[in-house]
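Working through the structure, step by step
The lines below spell out each chain.
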Amino acid sequence: SSDKPRPRGSVGQADPARPPSPHLSAPAWRGGHQRPTRTPKWRPRVTRLSCRRRRPHRAGLNATAAAAPLRPDAAWLRFQLGISRDGLYPRGSGAVEQLLRDMRLLSTVSAGERPRPLRGTAGISPVFLTAPAPPVLADYSQDEKALLGACDCAQIVKPSGVHLKLVLRLQDFGKAMFKPMRQKREEETPEDFFYFVDFQRHNAEIAAFHLDRILDFRRVPPTVGRLINVTKEILEVTKNEVLQSVFFVSPASNVCFFAKCPYMCKTEYAVCGNPHLLEGSLSAFLPSLNLAPRLSIPNPWIRSYSFDGKEEWEVNPLYCNTVREIYPYSNSNRLLNIIDMAIFDFLIGNMDRHHYEMFTKFGDDGFLLHLDNARGFGRHSHDETSILAPLSQCCTIKRTTLLRLQLLAQPEYRLSDVMRESLLQDPLAPVLTEPHLLALDRRLQLVLKAVRKCIEAHGEDKVVANDTAQAETPASDKAKPDG
């Protein structure tokens, strides 16, 4: 009888009383009802045993989450309220350090689901508060929408099998973007790979956050490495049936999942635990778009994203003159911020910066967000100098940026040494291999060489923009609790 107790087993254990049917999806086993669905001839799915184990665990977590009020001192909330026109967080931010610890240690309470209204938010300024109610799908990336079943998920798993990512909610109501490991640290991107089909690397996201902080940009959301138990911390806490249906057990008895796409539901593009633990990066969420709107703007130095096409900047050395005539690059700090971003991308080897985002609240002079850095740190043996085109063509750089780069070129503050020490704080250390760390020093010298060449051609006064005397950020341009 189906009411008799069953012995506990691993995920993927077959039910001898009910052999799995290739025409039944995982939810069809619940309650003993067989519901025919239109599915492929064979599809990996979660067994009845795993569904039985999931229900009480998930119910308990959801009951706890529903009863717990939002704490105003939650690290993710303090991080979001601390965003100003100077950056995502102030120097030496205690909230960021606590947020990194929370993302590393706190339990997950949901995965791949829409956020719900939060309790206990009275008295908190809504300027940078993540509590959309009702949920706004526009607040999700294309990848998130796809896992929610809201749109085509062509951007999750491309034919090259690049990547998938998943939204996790932690027990303090904070959200984080989980990017699983797809490539080992010692592996380099093959020479024949185009940049737009390259793998995305979880360790690149972690290293990019540390480098961004060392450069004093503070434009990458806090990111930390974590070992996730995909069974207990994703499968058993999610109520999203689409996400549940893409879990399966591999021939090696590892628990895996993949992105569900209209044309690409293939297990060879899955990510797998060992057997349950999966390494990945967790990046803190930015404030909700309906509370802190952001613009997504095409990069003037965007690449062609085709096999043989070229953009104008790749063939016209005077391209920057055209850019300077276009607002807002004509009379604001936007162009200088673009060059900061190009230097950052060159150091990490990221050729995939087709757009950039910025908060509308801070106007045209606001900082640019350095998001989606997972295609960095792919080839330590190659320096893609075309990434520096904004610097070499426009021949201008912020004085503060130049001073920081010159400092990190000194033997006592060598960039590779500072990065190595910073990355040791991450739970997944070593995050980068030694060749990638040494490549940072080599590329830094190439950046400084490009600046020297510009100064020789145009003079220091024309090249180095003085931004050291900027006024302190007004209180009105900071998000903080009312009162």
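Each chain has its residues counted from 1, running along the sequence as written. pLDDT decides what is reported in this predicted model: residues at 70 or higher carry local features, side-chain atom pairs at 80 or more are listed and counted, and totals for whole chains, interfaces and linings draw on all residues regardless. The basis for every side-chain value is the complete set of non-hydrogen atoms in the structure, without hydrogens or water.

1. Topic: helix α13 (residues 415–423)
The classification of residues rests on relative accessible area computed with a 1.4 Å probe and restricted to protein chains. Under 20% of the type maximum is buried, over 50% is exposed, and intermediate values are partly exposed. Only DSSP runs of H or I reaching four residues or more are called helices, and only runs of E reaching two or more are called strands; each is numbered from the N terminus. Turning to α13, its buried residues are Leu415, Ser416, Met419, Ser422 and Leu423. Along the axis of α13, the buried residues cluster in a sector spanning 130°; they form a single face. By definition, residues are in contact when any of their heavy atoms lie within 4.5 Å. Buried residues belonging to α13 abut α5 (202–214), α12 (399–408) and α14 (434–458). As used here, the arc belongs to the directions running from the helix axis to the C-beta atoms.

2. Observations concerning the UniProt feature "binding site: ATP" (unreviewed entry) in the protein chain
UniProt positions are given in the numbering used here, feature names are shortened, and annotations may be inferred rather than shown by experiment. Here the UniProt feature "binding site: ATP" (unreviewed entry) sits at Lys179, Ser283, Ala284, Phe285, Leu286, Glu357 and Asp372. Inspection of the secondary structure puts lysine 179 in strand β3 (residues 175–180). What makes lysine 179 buried here is its relative accessible area of 4%. Here the side chain of lysine 179 touches glutamate 205 through a polar contact of 2.4 Å, side chain to side chain. On the secondary structure map, serine 283 appears in strand β8 (residues 277–284). Here a polar contact is taken to be a pair of N or O atoms separated by no more than 3.5 Å, where protein atoms must pair a possible hydrogen donor with a possible acceptor and residues adjacent in sequence count only if both atoms sit in side chains.

3. Digging into the sheet that holds strand β2 (residues 166–170)
Strand pairing requires that DSSP identify at least two bridges connecting the strands. Taken together, five strands build an open sheet; the order of strands is β1-β2-β3-β8-β4 and the sheet is antiparallel. The two strands at the open ends of the sheet, each matched to only one other strand, are β1 (108–111) and β4 (223–229). Each strand axis lies, on average, 40° off the axis of its neighbour in the sheet, ignoring direction. For β4 and β8, the ladder comprises seven bridges, and the chain directions are antiparallel. What sits directly across from asparagine 229, in β8, is leucine 277. Lines fitted to C-alpha atoms define the axes here, with helix axes fitted over just the stretch in contact, and angles between the N-to-C directions of these axes take values from 0 to 180 degrees. Of the strands in this sheet, β2, β3, β4 and β8 are in contact with helix α3 (residues 94–105), which crosses β4 at around 15°.

4. Looking at the state of the cysteines
Criterion for a disulfide: a pair of cysteine sulfur atoms at a distance within 2.5 Å. Scanning the entire structure with this criterion turns up three disulfides. Disulfide pairing places cysteine 395 opposite cysteine 454 at an S-S distance of 2.1 Å. Given an S-S torsion of about -75°, the disulfide between cysteine 395 and cysteine 454 has left-handed geometry. Taken as a pair, cysteine 395 in the loop between α11 (389–394) and β11 (397–398) and cysteine 454 in helix α14 lie far apart in primary sequence, 59 residues in all. Accessibility expressed as a relative area gives 11% for cysteine 395, which makes it buried.

5. Here we look at the pattern of salt bridges
In the sections that follow, a salt bridge refers to a side-chain nitrogen of Lys or Arg positioned within 4 Å of a carboxyl oxygen of Asp or Glu. One pass over the full model with this rule turns up 21 salt bridges. Ionic pairing is found between lysine 165 and aspartate 372, a salt bridge with its closest N-O pair at 3.5 Å. Here the residue lysine 165 occupies a position in the loop between α4 (142–147) and β2, and aspartate 372 occupies one in the loop between β10 (355–359) and α11, the gap between them amounting to 207 residues. Among the ionic pairs, glutamate 460 bridges to arginine 399, the shortest N-O distance being 3.9 Å.

6. Regarding the packing of α5 against helix α10 (residues 334–348)
Contact pair α5 / α10: the axes reach a minimum separation of 11 Å and the direction vectors enclose 135°. Compared by their axis directions, α5 and α10 come out oblique. Crossing geometry of α5 relative to α10 is assigned as right-handed. Taken together, the residues of α10 that come into contact with α5 (itself represented by Ala208, Leu211 and Asp212) are Phe344, Leu347 and Ile348. Charged residues are taken to be Asp, Glu, Lys and Arg, nonpolar residues to be Ala, Val, Leu, Ile, Met, Phe, Trp, Tyr, Cys and Pro, and polar residues to be all remaining types, Gly included. Its residues assigned to classes, the contact of α5 with α10 shows five nonpolar, no polar and one charged. Any angle between 65 and 115 degrees counts as roughly perpendicular, while under 35 counts as roughly parallel, over 145 as roughly antiparallel, and the rest as oblique. If you view the pair so one helix is near and one far, a crossing is left-handed when the near helix is turned anticlockwise from the far one by less than a right angle, and right-handed when it is turned clockwise.

7. Some details on the packing of aromatic side chains
The aromatic pairing rule takes the rings of Phe, Tyr and Trp, using the six-membered ring of Trp, and pairs them if the centres are within 6.5 Å, calling planes under 30 degrees apart stacked, those over 60 edge-to-face and the rest tilted. Per the stated rule, a full pass over the model turns up seven aromatic pairs. Taking the centre distance of 5.5 Å and the plane angle of 80° together, the rings of tryptophan 301 and tyrosine 319 count as edge-to-face. You can see tryptophan 301 sitting in the loop between β9 (294–298) and α8 (312–315) and its partner tyrosine 319 sitting in helix α9 (residues 319–324), a full 18 residues away along the chain. Tyrosine 319 carries the same exposure label as tryptophan 301, and that label is buried. Ring pairs connect the aromatic residues Phe359, Phe362 and Phe367, which therefore count as one cluster.

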